[in-house]
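Residue-level structural notes
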Amino acid sequence: MKFNTKNVHMKSHQLKTDKSKATPIYQTSAFAFTDLDDMETYFNGEKNYLYTRMGNPNTDELGQAVADMENAEAGVASASGLSAILAGFLAVAKPGDHVIVAEDLYGGTFQLIDEEIRGLGIAIDFIDMTNLKAVEDAVTEKTVLIYTESITNPLLRVEDLKALVTLSEKHDLKLMVDNTFATPYLIRPLEEGADLVVHSATKYIGGHSDVTAGVLCGGSELVQQARKKITTLGSNLGPFDGWLAVRGLKTLSLRMRAQCDNAQMLADALALTPGVKRVFYPQGASDAGNGAIVTIDLEDDIDLNALTRGLSWIKVVPTLAGVETTVSYPKGTSHRALTETMRQKLGVTAQMIRISVGIEDGTDIIEAFSEAVKQAR
Ligand SMILES: *Cc1c(COP(=O)(O)O)cnc(C)c1O
């Protein structure tokens, strides 16, 4: 099956043979057995489900569906992108190990790694991933993992995954990639040779801003390790949220196609708009498109409050990837926890707006931004 077909024909995890077309929601905390022998069937592997924290058809359907999209052996869902990232780290690294991490990470991930994962006694180096020599120089005997994002936030740098795969193979390290911004529609890091891929399914996988979820994909053994961590930490996803994310995922191809087309149109238009100092929109990210996020840096005389007020139907929302076009302010939200020095180093300015481009008519989006920028001068 090709990508679009695979995208809508996911393997259902229904328990009964008389199947409904859509997978039912198994909104249950546990599964019932007729007697003790019947319960043993779970432990000898004949039945898949015992207790929802350890597994549920709806969350498994999401993990498997994203794994299929990523061409992974296995996948597991969790309560959020961050909990999937934590499970991935814990599946690979133990106290005393060393991990090399991209310095320009999503703010929440930076905090998770810098505070909690470091706090477990795992040594962390934040490195500029474009500087391969610096990455290689950071490798020690204790290094077990390199962690990065396939398309970075908010400046939308496309990572050279091939080079990082070569480097991690040379030093026998695992490579874990956050593929949230690209989605498997654009980039499939495991096909390039990465070991683990993680998603904030809160974003494009769900696609409708109505669920918080995460998915981790990779080889069966590593994903099994991660699943154990999710079970033990109690960071499992609820059944209804799994169901919602699966329903959203079925239109990933359609959404991404429309959103990438609109984003390219908008990036081109904004590049010619007076008041816009610089447009960040990657080129050549993949054959399928360049993503649906456009970041702009505005001239100093543009009042961002006036601009965001002037956007009328385009709302300020501190997330991305819904079907509606929204804007966010990296300095005040995703990168708020960073120091000003760090933000400057990463190129996140006070006049920067990140646009998550939706599926509306592209000309309406362009008109809304042109008007708002003009009014805010
Ligand atoms: C949102 C996001 C996360 C965190 O995901 P949650 O679902 O909010 O926990 C991680 N990485 C990236 C790139 C994100 O955009």
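Our subject in this report is the structure included herewith. (Residues numbered from 1 in each chain as written. Predicted model: local features only at pLDDT ≥ 70, side-chain atom pairs only at ≥ 80, totals over all residues. Heavy atoms only, no water.)

Section: the packing of helix H3 (residues 57-69) against helix H11 (residues 239-249)
Here is the rule we go by: Between the N-to-C directions of two axes lies an angle of 0 to 180 degrees, each axis being a line fitted to C-alpha atoms and, for a helix, fitted only over the stretch in contact. Every helix listed is a DSSP run of H or I at least four residues long, and every strand listed is a run of E at least two residues long, numbered separately from the N terminus. For any helix crossing, the convention is left-handed if the near helix is rotated counterclockwise from the far helix by under a right angle, and right-handed if that rotation is clockwise. Between two residues, a contact is recorded if the distance between any of their heavy atoms is within 4.5 Å. Each residue is assigned to one of three groups, with Ala, Val, Leu, Ile, Met, Phe, Trp, Tyr, Cys and Pro labelled nonpolar, Asp, Glu, Lys and Arg labelled charged, and all others, Gly among them, labelled polar.
Where H3 contacts H11, the two axes come as close as 7 Å, and the packing angle between them is 35°. In terms of crossing hand, the pair formed by H3 and H11 is left-handed. Touching Asn 58, Thr 59, Glu 61, Leu 62, Ala 65 and Val 66 of H3 are Pro 239, Gly 242, Trp 243, Ala 245, Val 246 and Leu 249, all from H11. For the contact of H3 with H11, the per-class residue count stands at eight nonpolar, three polar and one charged.

So, the packing of aromatic side chains
Selection criterion: Stacked, tilted and edge-to-face are the three classes assigned to paired rings of Phe, Tyr and Trp, where Trp is represented by its six-membered ring and a pair needs centres within 6.5 Å; plane angles under 30 degrees give stacked, over 60 edge-to-face, the rest tilted. Only protein chains enter the accessibility calculation, which uses a 1.4 Å probe; a residue whose area is less than 20% of its type maximum is buried, one above 50% is exposed, and one in between is partly exposed.
Under the definition given, this model contains six aromatic pairs. Aromatic pair Phe 3 and Tyr 185: ring centres 6.0 Å apart, planes at 65°, arrangement edge-to-face. Placement of the pair is Phe 3 in helix H1 (residues 3-8) and Tyr 185 in helix H8 (residues 183-186), with a sequence separation of 182 residues. Both residues of the pair, Phe 3 and Tyr 185, count as buried. On the basis of an interplanar angle of 50° and a centroid distance of 5.3 Å, the ring pair of Phe 89 and Tyr 147 is categorised as tilted. Of the two residues, Phe 89 sits in helix H4 (residues 81-92) while Tyr 147 sits in strand S4 (residues 143-149), which places them 58 residues apart along the sequence. Relative accessible area serves as the criterion here: at 0%, Tyr 147 is assigned to the buried category.

This is a description of form; function is not addressed.
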